[in-house]
Amino acid sequence: MTKEEVKTIVLDIIRDIAPDEDLSALKHEVRLRDQLTLDSMDFLDFVMELRKKHGIEVPEVDYPRLASLESCGEYLLPKFLAKSGK
């Protein structure tokens, strides 16, 4: 798995949570909440979907590390790799 694949997973989850959002012009290094109309419940839904669909646990203390698409990729990649045994 690559960081780009992780970002695709993140975008897929966001599409499910906020289907009306236009993700085509998303800047990878800018906070998602600054670009999208995601509220705190949407963010919790995002974290829950990571756990439910992919078995990835994100402790609350690490929530700030999921601020941007880029930081999601950096934070989540090792978790996906560990889960797959690589």
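Above: the structure in question.
Everything quoted here is computed from the prediction, not taken from an experiment.

A. How the structure looks around the overall build of the protein chain. When you go through the protein chain residue by residue, the secondary structure sums to 4 helices and 0 strands. For the protein chain, the succession of helices and strands along the chain, N to C, is α-α-α-α. Computed over C-alpha atoms, the radius of gyration of the protein chain comes to 12 Å, within 12% of the 12 Å expected from 2.2 N^0.38 for 86 residues, which places it in the range of a compact globule. Principal-axis analysis of the C-alpha atoms places the extent of the protein chain at approximately 35 × 25 × 20 Å. Looking at the protein chain residue by residue over its 86 residues, the buried ones come to 38%. At a minimum sequence separation of 6, the contacts of the protein chain that also span at least 24 residues come to 55%. Of the roughly 5,300 Å² of accessible surface on the protein chain, a fraction of 52% belongs to carbon and sulfur atoms.

B. Region of the structure containing the packing of helix H3 (residues 40-54) against helix H4 (residues 69-84). Packing of H3 against H4 leaves a shortest axis separation of 13 Å and a crossing angle of 20°. As judged from the angle between their axes, H3 and H4 are roughly parallel. Note that H3 runs across H4; the crossing there is right-handed. Residues Phe46, Leu50 and His54 of H3 form the contact with H4, whose participating residues are Cys72, Leu76, Phe80 and Lys83. By residue class, the composition of the contact of H3 with H4 is 5 nonpolar, 1 polar and 1 charged.

C. Structural detail: the nonpolar core. Of all hydrophobic cores here, the largest spans 25 residues; its most connected members are Val10, Phe46, Leu50, Val58, Leu66 and Leu76. Residue contacts for Val58: discarding those within four places in its chain leaves Val47, Leu50, Tyr63, Leu66, Tyr75 and Leu76.

D. Spotlight on H3. The end-to-end C-alpha distance of H3 is 21 Å, a good match for the 21 Å that 15 residues give at a rise of 1.5 Å each. Buried residues in H3 make contact with helix H1 (3-17) and H4. If you check the start of H3, you find a side-chain oxygen 3.0 Å away from the backbone N of Met41, and it comes from Asp39.

Parameters at a glance
- Residues numbered from 1 in each chain as written.
- Predicted model: local features only at pLDDT ≥ 70, side-chain atom pairs only at ≥ 80, totals over all residues.
- Heavy atoms only, no water.
- Helix = DSSP H or I, 4+ residues; strand = E, 2+ residues; numbered from the N terminus.
- Rg over C-alpha atoms; globule rule 2.2 N^0.38 Å.
- Buried < 20%, exposed > 50% of the residue type's maximum accessible area, 1.4 Å probe, protein only.
- Contact = heavy atoms within 4.5 Å.
- Areas by Shrake-Rupley, 256 points an atom, 1.4 Å probe, with all protein chains shown as cover.
- Axes fitted to C-alpha atoms, helices over the stretch in contact; angles between N-to-C directions.
- Parallel < 35°, antiparallel > 145°, perpendicular 65-115°, else oblique.
- Left-handed = near helix turned anticlockwise from the far one by under 90°.
- Nonpolar A, V, L, I, M, F, W, Y, C, P; charged D, E, K, R; others polar.
- Core = buried A, V, L, I, M, F, W, Y, C linked by side-chain atoms within 4.5 Å.
- Expected span 1.5 Å × (residues − 1).
- Polar contact = N/O pair within 3.5 Å; in protein donor to acceptor, adjacent residues only side chain to side chain.

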